[in-house]
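A closer look at the structure
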Amino acid sequence: MRSFHITWFTFFVCFFGWFGLAPLMPTIKEDLHLDKSQIGNVVIASVSGTIIARLLIGKLCDIWGPRKTYTALLLLGAIPVMCVGFAHDYTSFLLFRLAISVIGASFVITQFHTSMMFAPEIKGTANAVAGGWGNLGGGVTNMIMPVIFAAIVGIGYTKQEAWRYAMIVPGALMLIAAFLYYRFTKDTPAGNFDEIERAPKVKGKKNYSVLKDWRVWSLALAYAVCFGMEITFDNVAALHFVQEYKLSQGTAGLCAGLFGFMNLFARALGGLFADKVGKTYGMWGKGILLSLVLLLEGFGLILFAKSGSFGMAIFFMIFFALFLKMANGTTYAITPFISEKNIGLVSGIVGAGGNVGGMLFGFLFKAKGITYLDAFSYIGMIVIGVSLIVLVTRFSKEEKRVRLKMAMEYNK
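What counts, and where the lines are drawn
Residues numbered from 1 in each chain as written. Predicted model: local features only at pLDDT ≥ 70, side-chain atom pairs only at ≥ 80, totals over all residues. Heavy atoms only, no water. Phe/Tyr/Trp six-rings, centres within 6.5 Å; stacked < 30°, edge-to-face > 60°. Helix = DSSP H or I, 4+ residues; strand = E, 2+ residues; numbered from the N terminus. Buried < 20%, exposed > 50% of the residue type's maximum accessible area, 1.4 Å probe, protein only. Lys NZ or Arg CZ within 6 Å of the ring centre and 35° of its normal. Core = buried A, V, L, I, M, F, W, Y, C linked by side-chain atoms within 4.5 Å. Contact = heavy atoms within 4.5 Å. Salt bridge = Lys/Arg side-chain N within 4 Å of Asp/Glu carboxyl O. Expected span 1.5 Å × (residues − 1). Axes fitted to C-alpha atoms, helices over the stretch in contact; angles between N-to-C directions. Parallel < 35°, antiparallel > 145°, perpendicular 65-115°, else oblique. Left-handed = near helix turned anticlockwise from the far one by under 90°. Nonpolar A, V, L, I, M, F, W, Y, C, P; charged D, E, K, R; others polar. Bend = angle between axes of the 7 residues up to and from the residue. Polar contact = N/O pair within 3.5 Å; in protein donor to acceptor, adjacent residues only side chain to side chain.

All told, the structure shown has 34 aromatic pairs when counted by the stated rule. Ring plane angle 80 degrees and centroid distance 5.1 Å describe the contact between Phe304 and Phe376, whose orientation is recorded as edge-to-face. Taken together, the positions of Phe304 in helix 12 (residues 266-306) and Phe376 in helix 15 (residues 372-392) put the pair 72 residues apart, joining distant regions of the chain. Phe304 sits in the buried class, given a relative accessible area of 1%. The structure contains a cluster of three or more aromatic residues connected by ring pairs, namely Phe11, Phe15, Trp18, Phe19, Phe107, Tyr223, Phe227 and Tyr332. Above the face of the Tyr182 ring, Arg67 is positioned so that its terminal group lies 4.0 Å from the ring centre. Over the ring of Phe259 we find Lys325, and its NZ or CZ is 3.9 Å from the ring centre.

Below, the structure is given as structure tokens:
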């Protein structure tokens, strides 16, 4: 449990650093003279590096163990977070944002570590809670970073200097998390990889025939429109509230933070509901649940875009946030049971799908002929379309046999 709590806290800190710039974008936009297209490119860069990093980081977890891998990611990731203040034009800022995006690979290590530490019967719940509480960092950073920014301005620095110095805080937190993770966690309940006799894996070719399985791509699409939308909204929410409702940067950050705060329970709720539905209706029931929460997410996004007042916008933001984050948890309650022989490969594809979705959605927010409200509407329609695809996908795997196999591997 100590490793579990340090793991989700570390993931929280990574999200705090990953999206620390998002609530400060109104000031950064003015300071660096960024236009709509350039901001869109920054949003795309903020999630692009994660796609490749997530596909590679799982292999490092297998070789080094999650403890050493996470520590290395934190130490390296803290560098661009603390040094982004040296960016003085669009190009340098874009490159720093791309480098910071690698931190998003922390999700893979978090899920890998909790999977190593817990038995199959509660693996889904542990993954959902750790993922949800970690994602909470994306909400807290929207609330806290404007306060840090305001405090720095209050002691005499200019706004142009304040956003740069503010980013030292999440970078320092990442260094502290690196120390805590290396010092106080274990790779497995039996000990670290270099402390136990860990049988080497049999070398052989991965069964890439799983790539022909439509269920894998259906889940990747689902994660693209739920987690992909989550990281997109984390990036643009504060700027959207400033532009659309003329809020101050601090107030906009507070409102955007409400979206992230839903992770306190909503992602875990999706995993718990999926487990309960799965006990009665199996994988078919989980698929129906995923389709339903995606459908409600899509309608919520459209209503958010159509809301004519600030109060209704906040209401529908919370509405679609609830079902979006439940969809995140539900997706990863299905993923481990698609192919028991290729869990890592399937998880990697589905996880990368989330960042591909975030990257593609970024193009909508950079288009000159599309407003932010139009973009939210279009994404809502896409989410509804994906919910129908998930609905007709047959997630008919012998789940009990897969669970038994996982339990046997765990006992070994």
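There is more to say, and it comes next.
Our next topic: the nonpolar core. With 126 residues, the main nonpolar core has Phe93, Phe241, Leu294 and Phe376 as its most contacted residues. Element by element, the count of residues in this core is highest for helix 10 (residues 214-245), at 18 residues. Beyond its immediate sequence surroundings of up to four residues, Phe93 is in contact with Leu21, Met25, Ile28, Leu32, Val42, Val84, Ala87 and Trp163.

According to the stated counting rule, one finds four salt bridges in the structure shown. The salt bridge partner of Lys325 is Glu230, with a shortest N-O separation of 3.1 Å. Separated by 95 residues along the polypeptide, Lys325 in helix 13 (residues 310-334) and Glu230 in helix 10 bring together distant segments of the chain.

For His33, which is not a glycine, the phi torsion comes out positive at approximately 55 degrees. In this structure, His33 sits in the loop between helix 2 (25-32) and helix 3 (36-64).

We now examine helix 1 (residues 2-18). When the terminal C-alpha atoms of helix 1 are compared, their 24 Å separation across 17 residues agrees well with the 24 Å that a helix rising 1.5 Å per residue should span. The element helix 1 is extensively covered by neighbouring structure, given that 14 of its 17 residues are classed as buried.

Helix 4 (residues 66-83) packs onto helix 1 with a crossing angle of 20 degrees between their chain directions and a minimal axis gap of 11 Å. Comparing their axes, helix 4 and helix 1 come out roughly parallel. The two elements helix 1 and helix 4 cross, and the hand of that crossing is left-handed. Residues Thr7, Thr10, Phe11, Cys14 and Gly17 of helix 1 lie in contact with helix 4, whose contacting residues are Tyr70, Leu74 and Val81. Among the residues making up the contact of helix 1 with helix 4, the classes are represented as five nonpolar, three polar and no charged.

Let us now look at helix 3. Taking 1.5 Å per residue as the helical rise, helix 3 with its 29 residues ought to reach 42 Å, and the 42 Å between its terminal C-alpha atoms agrees with that figure. Taken as a whole, helix 3 carries its principal kink of about 35 degrees at Ala53. Between the side-chain oxygen of the N-cap and the backbone nitrogen of Ser37 there are 3.2 Å, and the N-cap of helix 3 in question is Asp35. Directly beyond the C-terminal end of helix 3, a positive phi value near 95 degrees is found at Gly65.

Glancing now at the environment of Ala178. Mapping Ala178 onto the fold places it in helix 9 (residues 168-184). With 100 residues separating them along the chain, Ala178 and Ala78 place their C-alpha atoms 9.7 Å apart. Once you skip the residues sitting within four places of it in the chain, Ala178 turns out to touch Thr71, Leu74 and Leu75.

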